[in-house]
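An overview of the molecular structure
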Amino acid sequence: MFYKIMLALLALVAGFASPGMGQMDARTYPIIPIPQKIQAQKGQFEVSAKTLISTDVKEAEIDWVIQYLNQHLQSRMDVALPVSKSGKKSASAIYLKLLPGAVKPESYRLTIDAKQILIEGGDPAGLFYGVQSLIQLLPDGDRLVLPSLSVEDHPAFPYRGMHLDVGRHFFPVAFVKQYIDMLARYKMNRFHWHLTEDQGWRIEIKRYPKLQEVAAFRKETLIGSYNNQPQQYDGKRYGGFYTQEEIKEIVRYAQERFVTIVPEIELPGHAQAAIAAYPELGCTGQPVEVATKWGVFENVYCPSEATFEFLQNVLTEVMQLFPGKYIHIGGDECPKTQWKESPVAQELIRKEGLKNEEELQSYFIRRIEKFLNANGRDIIGWDEILEGGLAPNATVMSWRGIEGGIEAARQKHPVIMTPVSHCYFDYYQALHPEEPLAIGGFLPLEKVYSYNPVPDELSPEEAKYILGAQGNLWTEYIPDSDKAEYMAYPRMQALSEVVWSGEAKKDFPGFIQRLLVHLPRLEKEGITVANHLFDVKASVKSGDGNGVRLALHNLAQTGVVRYTRDGSSPKAVSPAIEGDLPITSDGQFLGRSFLEGTAIGREAGVDINLHYAAGRSIALTNPPAKQYSGSGPGALINGVAGDAERYNDGEWLGFQGTDFEAVIDFGEPISFRKLVFRFFNSPAQWIYAPREVLVSTANLPEQFGQESKTRLVPPNAWSGKQLQSVLIYNTKARFLKIKIPNFGIIPDGYPGAGNKAWLFVDEIVVE
Ligand code: ACM
């Protein structure tokens, strides 16, 4: 429905404001991901039923390319075009050729002039991508008139991936195919299919029928958020699996779209469903059930000979189904609790001369790697496979941050970047209260787009090991296809420019203009997209001593944003906001986008509290983690409280392992009575409120008096998300210093045990 409004408004948008050249280009050439080079020419070409598709390419894959193009054209014109495979000439033709000589893999050139369309590929994949660009250039409407132009294009990264977890929720074959098709349209070339989980085993393995009968089904599923207390269940049996015939069909479908599937068989952790089917694979031998809630479970594979035999037999069937080079073997989140108690595990540690359970995990992975290598395959593992020593030929998927990727690249191992901060599409994408339930976090479109898979820390030589990046769709909170699409699109499109176009070509405003063409088209096809381009976003600046300033804008950068101060919805006659508005009084600001007098998108607001520190200067001794630096240190004194659920809303600052230390300069001595702090506390996300806060003041720089300390009582680890702390502090001073020691190392028994805890700090309210 929204799509209809969009179509109606698009006509308006085109003539609205005064788009710069960049935006004109984006609208004229709506290609996502943006090509490396695009040059306008004079003239145009109309594709008609008489246009010949002509090729002299002999590679078998050419049939896939022609079929794809013709299927699309048939959907537009009701007829398929004639095809010549002997390179016949015609007055109206689309020619497909291979470029001679050494050319970049997956590259293409697309030339459109008044007489013909010429697509030249570096290889058949390149031809396929040329076809994708051509299809995107076709205008909406009945006549397929294309502008003359020339495009030269190639990918920035060879690995351009999207992941789908079918363990937590099961997705039908039709959806998996459509997901793969969407990847292909946006020039993504790897589909990471997460096939086994604690909550369900989804791939038919003929040798082990109980994987289908038992492991593929759970008796019920957790309702709502994991954090709800008490947890509730739906009482409904749930599950399913892909037969080997269905998998072959999907593999073929992906091949025809130049997408390689990377199947993931998780080990040694996330194995509870398999152990439910075959208890002898676990260390306790006790029966367990297929998991019914989310999280990390202690029932992991026992490193017995029987387990290795099982896994090798499973992997043998997996290799017969999936022709790609890579098999993903998981390796993440494997608690060692049962190994510590298990005579089998302990005996193996002794026999192999291993130091501890971490080295045992490394032994486990190496042994599986050896088996797969012997069969001509390579492994990918999550970054935990670095612990206890990396298997010799492994590729590392860096997810807990970028550090694993940096370390692996320095060890000269290939790396795929997929850090939670920029690549987890199960995170919230908007702060709007009506957003559907998500796992947590906050990853808006612009943050995905801003991602550079090559860490600054790497030398150019080390950077060569970064193969690319991948977006992950974990499905604890994604029960069906519509929600999966909503979470994936358009963040996947943003990632496509990250991995295909690359850092030098990226252009966010241009991307948004192109999305304004793509999203209505996708909606017309019945694909669900998170179309938030006209939603109002609020940002409140502070921290440089120049007061508090408010900006309200939309990503479309189109139309006007109007606002109210009385809590009522903005109307066409409400005042417009342009640029930064200096804030001189407390209270609420509510904004809404308008196009030619019509409200569009969702409204958003902020509540600003002009306390004594708001708008003053602040300096931090230790910077926050780059990926959780909010809108800068000023976010701590901009008068705006952080979101109660999402610590990544620009208002919270996150520090992993480091202490917080800040000095606020009021500019002059002022009297104040109390300080109010707020900390995030969510052990499931490795975030811990601190144990104490230390405060001191000064009237001259660096002449701070005695520290005043306040002890905080951390809440019950699994209850409330925030901890507020009030410190009564009657004084008059110009400088205020605040020290907050980090919680430290995450204790045993909690998610992320042994890692450094995160400290998230919100507004520092001075009254
Ligand atoms: C992961 O998100 N556990 C790889």
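Only a predicted model underlies this, so the values are computations on that prediction, with no experimental measurement involved.

1. Things to note about the overall build of the protein chain
Along the backbone of the protein chain there are 19 helices and 36 strands. By principal-axis analysis of the C-alpha atoms, the protein chain measures approximately 90 × 75 × 55 Å. Across the protein chain, every contact between residues at least 6 apart in sequence was considered, and the portion connecting residues at least 24 apart equals 72%. The positive charge centre, built from 78 side chains, and the negative charge centre, built from 91, are 3 Å apart in the protein chain.

2. Let's talk about the packing of aromatic side chains
Following the criterion strictly, the structure yields 42 aromatic pairs and no others. Plain terms: the ring middles of phenylalanine 308 and phenylalanine 364 are 4.7 Å apart, the flat faces sit at 45 degrees to each other, and that makes the pair tilted. Of this pair, phenylalanine 308 sits in helix 9 (residues 305-321) while phenylalanine 364 is found in helix 12 (residues 357-374), placing the two residues 56 residues apart along the sequence. Across the pair, phenylalanine 364 and phenylalanine 308 agree in class, each one buried. For the pair phenylalanine 666 and phenylalanine 672, a centre-to-centre distance of 5.6 Å together with 40 degrees between the ring planes defines the contact as tilted. The residues phenylalanine 666 and phenylalanine 672 share a single accessibility class, namely buried. Connected via pairs of aromatic rings, a cluster forms that spans Phe170, Phe171, Phe175, Tyr179, Phe191, Trp193, Tyr242 and Phe322. For arginine 691, the ring lying beneath its charged end belongs to phenylalanine 743, and the centroid distance is 4.0 Å.

3. Structural notes on the pattern of salt bridges
Going through the model one piece at a time under the given rule, you end up with 37 salt bridges. Put simply, arginine 257 and aspartate 181 hold a salt bridge, and the shortest N to O gap is 2.9 Å. In this pair, arginine 257 is assigned in the loop between helix 7 (244-255) and strand 16 (260-267) and aspartate 181 in helix 5 (residues 173-185), connecting sequence segments 76 residues apart. Among the residues examined, arginine 257 registers a relative accessible area of 7% and is labelled buried. With its nearest N and O atoms 2.6 Å apart, the salt bridge here joins aspartate 383 to arginine 400. Of the two residues, aspartate 383 sits in the loop between strand 18 (378-382) and strand 19 (395-398) while arginine 400 sits in the loop between strand 19 and helix 13 (403-410), which places them 17 residues apart along the sequence. Given a relative accessible area of 2%, aspartate 383 falls into the buried group. Taking relative accessible area as the criterion, arginine 400 reaches 22% and is therefore assigned partly exposed.

4. A short note on the packing of helix 9 against helix 12
Contact geometry for helix 9 and helix 12: axes closest at 11 Å, N-to-C directions at 40 degrees. Judged by the inter-axis angle, helix 9 sits oblique to helix 12. The two elements helix 9 and helix 12 meet at a crossing, and its hand is right-handed. Counted together, Glu305, Thr307, Phe308, Leu311, Gln312, Leu315, Thr316 and Met319 of helix 9 and Tyr363, Phe364, Arg367, Ile368, Phe371 and Leu372 of helix 12 form the full contact between these two elements. Taken together, the residues that form the contact of helix 9 with helix 12 break down as 9 nonpolar, 3 polar and 2 charged.

5. Here we look at helix 13
Those residues of helix 13 not exposed but buried are Gly404, Gly405, Ile406, Ala408 and Ala409. Those residues of helix 13 that are buried are in contact with strand 19, strand 20 (415-417) and helix 16 (460-463). Remark: lysine 412 follows helix 13 within two positions and exhibits a positive phi of approximately 60 degrees.

6. Focus: the packing of helix 5 against helix 17 (residues 481-488)
Where helix 5 meets helix 17, the closest approach of the two axes is 11 Å, and the angle between their N-to-C directions is 15 degrees. As judged from the angle between their axes, helix 5 and helix 17 are roughly parallel. The crossing of helix 5 and helix 17 is right-handed. Here Phe175, Gln178 and Tyr179 of helix 5 come into contact with helix 17, specifically with Ser481, Ala484, Glu485 and Ala488.

7. Overview of the state of the cysteines
Taken as a whole and assessed by the stated rule, the structure comprises 1 disulfide. Cysteine 283 shares a disulfide with cysteine 302; S-S distance 2.1 Å. Classification of the bridge connecting cysteine 283 and cysteine 302 rests on its S-S torsion, roughly 85 degrees, and on that basis the disulfide is right-handed. Residue cysteine 283 is located in the loop between helix 8 (272-277) and helix 9, and its partner cysteine 302 is located in the loop between helix 8 and helix 9; the two are separated by 19 residues in the primary sequence.

8. A short note on the nonpolar core
Counting 188 residues, the largest nonpolar core has Trp193, Trp201, Leu211 and Tyr301 as the members making the most contacts within it. Grouped together as the second largest cluster of nonpolar side chains are 31 residues, Ala662, Phe679, Ala689 and Leu736 included.

9. What about the environment of isoleucine 261?
Structurally, the position occupied by isoleucine 261 is in strand 16. It is 54 Å that separates the C-alpha atoms of isoleucine 261 and aspartate 586, two residues lying 325 residues apart in sequence. Apart from the residues within four sequence positions on either side, isoleucine 261 is in contact with Ile180, Phe191, Trp193, Ile250, Val251, Ala254 and Phe322.

10. Let's talk about the sheet that holds strand 28 (residues 598-608)
Spatially, 4 strands are ordered 25-24-27-28 in an open sheet, and the strand pairing comes out antiparallel. Lying at the two open borders of the sheet, with one neighbouring strand each, are strand 25 (576-577) and strand 28. The pairing of strand 24 (residues 560-564) with strand 25 spans 2 bridges and is antiparallel. Bridged to valine 561 within strand 25 is isoleucine 577.

11. With respect to the confidence of the model for the protein chain
When the pLDDT values of the protein chain are averaged, the result is 93; 96% of them are 70 or greater. Per-residue pLDDT, averaged within each element of the protein chain, yields its smallest value for helix 1 (residues 2-15) (38) and its largest for strand 9 (residues 190-194) (99). A low-confidence stretch, residues 1-24 stays under pLDDT 50, and its non-local contacts, those more than four residues away or across chains, total 29 contacts.

12. Here we look at the side chain of threonine 55
With respect to the helices and strands, threonine 55 occurs in strand 2 (residues 52-55). Judged by relative accessible area, which is 1%, threonine 55 ranks as buried. Of note is the side chain of threonine 55, whose polar atom sits 3.1 Å from the backbone nitrogen of valine 57. Leaving out residues up to four positions away in the same chain, threonine 55 has contacts with Ile62, Ile66, Ser84, Lys85, Ser86, Gly87 and Leu96.

13. Concerning the pairing of strand 6 (residues 116-121)
Summarising burial for strand 6: 5 of the 6 residues are buried, a large majority. Where strand 4 (residues 93-98) lies against strand 6, 6 bridges are found, and the strand directions are parallel. The partner of tyrosine 95 across the bridge, within strand 6, is leucine 118. Sheet topology note: the strand 5 (residues 108-112)/strand 6 ladder contains 5 bridges and is antiparallel. From the neighbouring strand, leucine 110 faces strand 6, where its bridge partner is isoleucine 119. Two successive antiparallel strands, strand 5 and strand 6, enclose a turn made up of 3 residues.

14. Re the sheet that holds strand 19
Taken in spatial order, the 8 strands line up as 8-9-16-17-18-19-20-21 and close into a barrel, and their pairing is parallel. The sheet shows a mean angle of 30 degrees between the axes of neighbouring strands, taken without regard to direction. Pairing of strand 9 with strand 16, which is carried by 5 bridges, proceeds in the parallel orientation. Residue pairing for strand 16: tryptophan 193 is matched across the bridge by proline 263.

15. Here we look at the environment of proline 433
By the element assignment, proline 433 lies in the loop between helix 14 (420-423) and helix 15 (445-449). Classification of proline 433 by relative accessible area gives exposed; the value is 75%.

16. Considering the environment of serine 569
Structurally, the position occupied by serine 569 is in the loop between strand 24 and strand 25. Given the relative accessible area of 37%, serine 569 is considered partly exposed. Beyond its immediate stretch of four places on either side in the chain, serine 569 contacts Thr564, Leu590 and Glu603. A distance of 3.1 Å separates polar atoms of two side chains, one belonging to serine 569 and the other to glutamate 603.

Reading the values: rules and limits
Residues numbered from 1 in each chain as written. Predicted model: local features only at pLDDT ≥ 70, side-chain atom pairs only at ≥ 80, totals over all residues. Heavy atoms only, no water. Helix = DSSP H or I, 4+ residues; strand = E, 2+ residues; numbered from the N terminus. Contact = heavy atoms within 4.5 Å. Lys, Arg positive; Asp, Glu negative; His and termini not counted. Charge placed at Lys NZ, Arg CZ, Asp CG, Glu CD. Phe/Tyr/Trp six-rings, centres within 6.5 Å; stacked < 30°, edge-to-face > 60°. Buried < 20%, exposed > 50% of the residue type's maximum accessible area, 1.4 Å probe, protein only. Lys NZ or Arg CZ within 6 Å of the ring centre and 35° of its normal. Salt bridge = Lys/Arg side-chain N within 4 Å of Asp/Glu carboxyl O. Axes fitted to C-alpha atoms, helices over the stretch in contact; angles between N-to-C directions. Parallel < 35°, antiparallel > 145°, perpendicular 65-115°, else oblique. Left-handed = near helix turned anticlockwise from the far one by under 90°. Nonpolar A, V, L, I, M, F, W, Y, C, P; charged D, E, K, R; others polar. Disulfide = S-S within 2.5 Å. Core = buried A, V, L, I, M, F, W, Y, C linked by side-chain atoms within 4.5 Å. Pairing = 2+ DSSP bridges. pLDDT = per-residue confidence, 0-100. Polar contact = N/O pair within 3.5 Å; in protein donor to acceptor, adjacent residues only side chain to side chain.

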